[in-house]
Amino acid sequence: MAQTVPTDDSPPSERQPGAPKAKVLIVDDDERTTMAVWNALEQLGQTLVVANSGEAALQHLLNEDFAVILLDVNMPDMDGYEVASYVRARKRTRHIPIVFLTALYRDDTHLLQAYSAGAVDMVFKPVDPLILRSKVQVFVDLYLKQAESAREAELRHRLQEENFRVRAEKLSTE
């Protein structure tokens with residue numbers, strides 16, 4: 001079961017009309033953790049997407065772009081490391097930052113395994129809302145800046161093409 005809910009609980013003075021939103025994928029089989037993460041992140045005003053299994057997360061990743069993936073390490077059927085390996089194997093998703101969530105694995109061996117699997121960070125449960133929100137905000141800001149840069153590059157490209165077309169028409173007319 002997956003759930004997508006856009007959130008925007010920021011004060012009206014901080015919201016920009018029509019401002020793009022980033023999607024954050026929360027993957028955890030424990031409903032309590034999902035709620036804690038959701039509550040910590042809803043203040044960011046981004047779109048939060050919840051998947052309660054690795055398979056559901058991969059389904060979302062087939063069709064949607066995400067700023068960051070918060071991924072539980074210890075899940076039944078498909079653990080977080082396996083999900084991360086699928087994410088890293090696809091060209092379309094390999095750039096998405098993965099932050100592992102774990103309550104069990106705090107030793108150096110598991111940290112090394114997480115970073116080897118492609119994680120950029122690891123957050124320990126129970127999650128500290130302030131720390132989690134701060135970490136996710138960095139990835140959201142980066143994602144939105146990259147998206148804005150891509151939009152600006154596309155606009156410049158279209159303007160150059162239009163400029164070339166107008167010049168070509170002017171030359172052919174002369």
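Residue numbering note: each chain is counted from 1, following its sequence as written. Given that this is a predicted model, residues contribute local features only at a pLDDT of at least 70 and side-chain atom pairs are listed and counted only at 80 or more, while totals for whole chains, interfaces and linings are drawn from all residues. Excluded from the side-chain calculations are hydrogens and water; all other atoms, namely the structure's heavy atoms, are used.

Draft legend 1. Here's a closer look at the environment of T34. Under the scheme used here, helices are H or I runs from DSSP no shorter than 4 residues and strands are E runs no shorter than 2 residues, and both carry numbers assigned from the N terminus. Relative to the elements of secondary structure, T34 occurs in helix α1 (residues 31–41). Remark: the alpha-carbon pair of T34 and D72, spanning 38 residues in sequence, is separated by 9.8 Å. In this structure T34 touches D28 and V50, once residues within four positions along its chain are discounted. Two residues qualify as a contact provided that any one of their heavy atoms is within 4.5 Å of a heavy atom in the partner residue.

Draft legend 2. Layout of the environment of V120. Its location among the elements puts V120 in strand β6 (residues 119–124). As a C-alpha pair, V120 and I96 span 24 residues in sequence and 9.6 Å in three-dimensional space. The residues touching V120, leaving out its near neighbours within four places in the chain, are P97, I98, V99, Y115 and F139.

Draft legend 3. Spatial organisation of the packing of helix α2 (residues 54–63) against helix α3 (residues 80–89). Each axis is a line fitted through C-alpha atoms, taken for helices only over the stretch in contact, and angles between the N-to-C directions span 0 to 180 degrees. In the contact formed by α2 and α3, the axes pass within 10 Å of each other and the chain directions differ by 15°. One finds that α2 runs roughly parallel with respect to α3. The interaxial crossing formed by α2 with α3 has right-handed handedness. Contact residues: α2 offers G54, L58 and L61, while α3 offers V83, Y86 and V87. Note that Gly is not counted as nonpolar here; it falls among the polar residues with everything else outside the nonpolar set of Ala, Val, Leu, Ile, Met, Phe, Trp, Tyr, Cys and Pro and the charged set of Asp, Glu, Lys and Arg. For the contact of α2 with α3, the class distribution of residues is five nonpolar, one polar and no charged. Under this scheme an angle from 65 to 115 degrees is roughly perpendicular, one under 35 degrees roughly parallel, and one over 145 degrees roughly antiparallel; angles in between are oblique. Each crossing is labelled by how the near helix is turned from the far one, with a counterclockwise turn of less than a right angle marking it left-handed and a clockwise turn marking it right-handed.

Draft legend 4. A look at the nonpolar core. Definition of nonpolar core: a set of buried residues of the types Ala, Val, Leu, Ile, Met, Phe, Trp, Tyr and Cys, connected through side-chain atoms within 4.5 Å. Working definition: with a 1.4 Å probe on protein chains only, accessible area under 20% of the residue-type maximum means buried, over 50% means exposed, and in between means partly exposed. Formed by 25 residues in total, the largest nonpolar core has its most connected members in L25, V27, I69, L71 and F100. Counting residues per element, the ones that place at least two in this core are β2 (23–27), β3 (47–51), α2, β4 (68–72), α3, β5 (98–102), α4 (108–116) and β6. The biggest single contributor to this core is α3, with four residues. Apart from the residues within four sequence positions on either side, L25 is in contact with V49, A51, A57, H60, L61, F66, V68, I69 and L70. The next biggest cluster of nonpolar side chains, apart from the first, holds 22 residues, and it includes V24, L70, V127 and V140.

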